[in-house]
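# Understanding the architecture of this molecule
One-letter residues, chain by chain:
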Amino acid sequence: MDDLLHIDNLDDYNFSDTSFNKLMQRRIRKILLICSSYDAFMLEEDGRIDEQIFNEYASLSLRYPPVFIHADSYQKAFKILENGSIDLVIEMLSTGDIDPFQLARRIKENYAEIPIVVLTHFSREVSLKLEKEDLSAIDYVFSWLGNADLLLAIIKLIEDKMNAKYDIDNIGVQAILLVEDSIRYMSTYLPTLYKLIFVQSREFMKEALNEHQKMLRMRGRPKILLATNYEDAINLYKSYKDNLLGVISDVSYKLNPQRRDTKLKAGLRLARYIKSDNEFTPILLQSSDSSNAELAKKLGVAFINKYSKNLSIELKEYINRYFVFGEFVFRNPKTQEEVAVATDLQSFQQMLCTIPDDVFLYHTSRNDFTKWLNARGLFKLASLFKDLKVADFNNIEEARNYIYKAIAVFRTHKSRGVIAQFDKERFDEYMEFTRIGDGSIGGKARGLAFTNNLIKKHKLHHKYEDAFINIPRTVVISTDVFEEFMETNNLYEIAVSNSDDQTILDNFVAAKLPETLISDLKSIVSVIKNPIAVRSSSKLEDSHYQPFAGIYSTYMVPMIENNQEKSVKLLCEAIKAVYASVYYKSSKAYMAFTANVIDEEKMGIILQEVCGKKIGNYFYPAISGVARSVNFYPIEPEKSTEGIVNIAYGLGKYIVEGSISLRFAPKYPQKILQLSSPEMALKDTQKYFFALDLSADSFSPSLDDAVNLKKLKLKDGKEDPNFKHVTSTYDHQSNILRDGTGYEGWPVITFSNVLNHNVFPLAKILDELLTIGHREMNNPIEIEFAVDLATSPEEINTFNFLQIRPIVYNEQSVNYHIENVDKNKAVVFSNKALGNGLFGNVRDVIFVKPDVFDSAKTKDIAVDIEKINIRLQQEDKNYILIGPGRWGSSDPWLGIPVKWPHISQAKVIIEAGLENYRIEPSQGTHFFQNLTSFQVGYLTVNPHENDGLIDYNYLDTQTLIYEDEFLKQVSFEKPLKIQIDGKNNIGVIYKQ
């Protein structure tokens, strides 16, 4: 097995896509037809030769039909040749006042590169005349039988001749060698052969994953190489024998074109030569002399009588069987009876596991697998099996596994970076990214497709040892399905009404999804066994200038074991609930704020396999995280341009909503502020995690899209084999942290084994992805990811790239500086400021009164702020928002749990630390995304640590607009002067 690639290294084999786009570079586009008007009319039958050829091309799914230009005299012909780029000349025998062969010689003298074909009517007199003529200037002579198929065959034959060397030698295209000198039979065989080839091309188009690939794959069809004598046939065989599907040869023809003596039985000689070189090359001899059948039998080759009434049928049957066109038929080696039939690569792969040993040995010994794969244009895969022998393996089972694994790897590679059209009959575990429907896939799905392409483009899948980088298996339901759902169920009226969210949800869930979609979902749940995340992908989401992160719902749906019907039902309900979220109150408010019209929003759906493992009755990944290519809070030695990462144990909801996670810069993974002392680690690290409840009754459509996500204590993770990789243990007696879990003490989520001991190269991967993503999007980016760590030798650590989106960060001026600030003139000063430039036209300030703040009342404060925000939205006013803790945190004890629509009019937001309430600054993913997308200033101030200032006394002197138990709204006479120096993280709001 030394010459074969080892099965363990197949993932590294270059299964890159065949360059179908490089095939057939030279084409026949303009054809000069030289004949009398009568012959032209007879040739066309009804005067529409262009239309006939166009229809023929269209019926065969071919593109670029050529244009015919007619000339009825040699003078017109030469004028056309001078003025136009003619690719082919076709002459009839009646060319007016000049002999056609003389005309051909004159054309060749002036235009040597243009091929010339002569069409004749079939008769004995014509045949005798041709035998005496000098045909050196003519490439081919054919007999016109009144069928446009012949014109198509002529065009394709010449295109094949022009492109053969590059396409066969460089790309691996296959060929059929036809040896025939009879004009009559050449004119019969060629149209039949090309028809069979085009049918075969449509067959192997099935291996394509979308329409674009199908059209490109047509270029990879087998070529026909035509020889009219023994010498040419031998030369063509020697040049292309490694890519020949088979040979079809006459029995009697000349040894070389110069000889004019009686034809020899050169076909028998050719068959002997080829059989001695490769006994398994299929050879079909044909002759009008039936006595040649016995000679062919002795040579072990097939024979067809040219006078057979079923000539075309017999030819078709032979080609389909021995050139391995169409389906692959597994045969019993003794009886040749059919054992099994594979219609495509998918079924072929499955049948390899079940066919008997003798059948497997029979086909591998004859190299049939390679022939069939080549005939279907699967050149990369076929080349891997070309020299395969069962003797190279320890046993038959090992050989089977090798072929099966190679096909599996090939199919996986083929799907990477491609948006495939969903086909419920062919959907399986190798389909990485597919789409249902023909409409838009939405912004989030586009970002995911871009991610998929990015991984492939930069060859990241296997770049890191013991780490596989990929996107989870994804199916996108396009927006046309949403429109069909809305229209057939008459939902627009209730959707755009002022009904409450629950009423809208109930109406949507009660509606019916299209039957075709339900049928597709059954196929999906039969393949995907892990839970499925049902995510929104609207037309507006994650675009550069329309930030919609986190506005619509996302549900995680468990797949119920051995209950496909229940799984499909849950999936349907989740899809309808995501559709409903487009029309919730907060979504409508957000649309209004972004100056979009709700009627214009169309929803795509992403069905994405959830990353993680089943632990007990829960499901979650070892690591979830968010990484950004810009770091607005750099801590030495970090730089703002080197990126920042937040990771957590369990599902990513923990990070997305702003809870305490581990923060590190990818270039300095061992320098983590939170772990600088045991005391800080205990205080500022993860205290719980989220997991998906796998119970069948845990999910129901709800306004809370986290309805079946459970908040678990850290100790609940101890059953997880990966818990030891993400956890350290706090030894109370020694006051130290010990990496791992094999000690007495309190678990602390530090990811030390990952970041310090390189159990998984997380920091290196993120550093490269942020660099590549930032460069490819030409914009600061944010990525979401999850990591599955292997728990057995058969598994591999997997980095799941979940999402990439731009951070719409307008620096306004990279040289914008604030210098020599007089703090006595500032109502607010911060040296931890996010944003850049001048912020104008703001007069109002809403602030939480610091002397009465109660962290137990943060939910009530959030409700009051929303009411003020609605009023200011109606008044078209922006404001400055000041309050303690983390704005937008899902944990009400860490800050005020507002959603973005509740504070949409805020132009500057300030985290204000109080003496007895100091929280480290942090933003949840979606909150952060919208903050930066709308270019909102974000300042952190801790006056009691001499870290900035807020002059509440000055604020109290301004005009009071509103006050309640916890809040005040004041207004200034003139717009405030607000400046932020993003490069130096300084922000100032000046007194008037």
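See the structure above.
One structure accompanies this document, and this report is about it. This is a predicted model, so every value here is computed, not measured.

Parameters at a glance
Residues numbered from 1 in each chain as written. Predicted model: local features only at pLDDT ≥ 70, side-chain atom pairs only at ≥ 80, totals over all residues. Heavy atoms only, no water. Helix = DSSP H or I, 4+ residues; strand = E, 2+ residues; numbered from the N terminus. Buried < 20%, exposed > 50% of the residue type's maximum accessible area, 1.4 Å probe, protein only. Contact = heavy atoms within 4.5 Å. Areas by Shrake-Rupley, 256 points an atom, 1.4 Å probe, with all protein chains shown as cover. Salt bridge = Lys/Arg side-chain N within 4 Å of Asp/Glu carboxyl O. Pairing = 2+ DSSP bridges. Axes fitted to C-alpha atoms, helices over the stretch in contact; angles between N-to-C directions. Phe/Tyr/Trp six-rings, centres within 6.5 Å; stacked < 30°, edge-to-face > 60°. Lys NZ or Arg CZ within 6 Å of the ring centre and 35° of its normal.

### Considering the overall build of the protein
Of regular secondary structure, the protein possesses 32 helices and 43 strands. In the protein, which comprises 992 residues, the share counted as buried stands at 58%. Excluding contacts between residues fewer than 6 apart, the proportion of contacts in the protein whose partners are at least 24 apart in sequence is 72%. If you sum the accessible surface of the protein, you get close to 41900 Å²; carbon and sulfur atoms cover 47% of it.

### A few points about helix H14 (residues 357-365)
In an α-helix, one turn spans 3.6 residues; hence positions three or four apart end up facing the same way. For H14, the set of buried residues is Val-359, Phe-360, Tyr-362, His-363 and Thr-364. Contact partners of the buried residues in H14: strand E11 (328-331), strand E12 (338-342), helix H15 (368-375) and helix H17 (396-415). Where H14 ends, the next residue or the one after it, Asn-367, has phi of about 60°, a positive value.

### Brief notes about the pattern of salt bridges
With the rule as written, the count across this model stands at 33 salt bridges. In this structure, Asp-368 engages Lys-371 in a salt bridge whose closest nitrogen and oxygen atoms are separated by 3.9 Å. One end of the pair, Asp-368, and the other, Lys-371, are both in helix H15, three residues apart, so they sit about a helical turn from each other. Of the two residues, Asp-368 and Lys-371, both sit in the buried class. One salt bridge connects Glu-573 with Lys-569, and the closest N-O pair in it is separated by 2.8 Å.

### So, the sheet that holds strand E4 (residues 116-121)
Remark on secondary structure: sheet strands pair via backbone hydrogen bonds, oriented parallel or antiparallel. On the basis of which strands lie adjacent, the open sheet formed by five strands has the order E2-E1-E3-E4-E5 and parallel pairing. Across the chains shown, the open sheet's two edge strands, defined by having one partner strand only, are strand E2 (67-71) and strand E5 (140-144). The mean inter-strand angle of the sheet, taken between neighbouring strand axes irrespective of direction, is 25°. Two strands pair when backbone bridges link them, and strand E1 (residues 30-34) and strand E3 (residues 88-92) are joined in this way by four bridges, in the parallel orientation. Bridging across to E3, Leu-32 finds its partner in Val-89. Across the face of the sheet, helix H3 (residues 74-83) comes into contact with E1, E2 and E3 while running at roughly 140° to E2. Of the strands in this sheet, E1, E3 and E4 touch helix H4 (residues 100-110), which is tilted by about 165° from E3.

### Structural notes on the environment of Lys-195
One can find Lys-195 in helix H7 (residues 183-204). For Lys-195 and Lys-316, which are 121 residues apart along the polypeptide, the C-alpha to C-alpha distance reads 9.7 Å.

### What to know about the sheet that holds strand E26 (residues 709-713)
Taken in spatial order, the four strands make up an open sheet running E20-E21-E25-E26, and their pairing is antiparallel. The sheet is open, and its two borders are formed by strand E20 (613-615) and E26, each paired with just one other strand. Strand-to-strand twist of the sheet, defined as the mean angle between neighbouring strand axes without regard to direction, takes the value 45°. Sheet topology places strand E25 (residues 688-693) next to E26; five bridges connect them, and they run antiparallel. Residue Leu-692 lies in a different strand from E26, and its bridge partner there is Leu-709.

### Structural notes on the packing of aromatic side chains
By the definition in use, this model includes 32 aromatic pairs. Plain terms: the ring middles of Tyr-140 and Phe-142 are 5.9 Å apart, the flat faces sit at 35° to each other, and that makes the pair tilted. On the basis of relative accessibility, which here comes to 0%, the residue Phe-142 falls in the buried class. Note on Tyr-654 and Tyr-688: the rings are 5.0 Å apart at their centroids and 70° apart in plane angle, and the pair reads as edge-to-face. A residue pair is termed long-range when its members are at least 10 positions apart, and Tyr-654 in helix H25 (residues 653-656) and Tyr-688 in strand E25 qualify at 34 residues. Residue classification places Tyr-688 among the buried residues on the basis of a relative accessible area of 12%. Taken together through their ring pairs, the aromatic side chains of Phe-328, Phe-330, Phe-348, Phe-360, Phe-369 and Trp-372 make up a single cluster. In this arrangement the basic side chain of Arg-269 is found over the ring face of Tyr-230, its NZ or CZ atom lying 4.9 Å from the centre.

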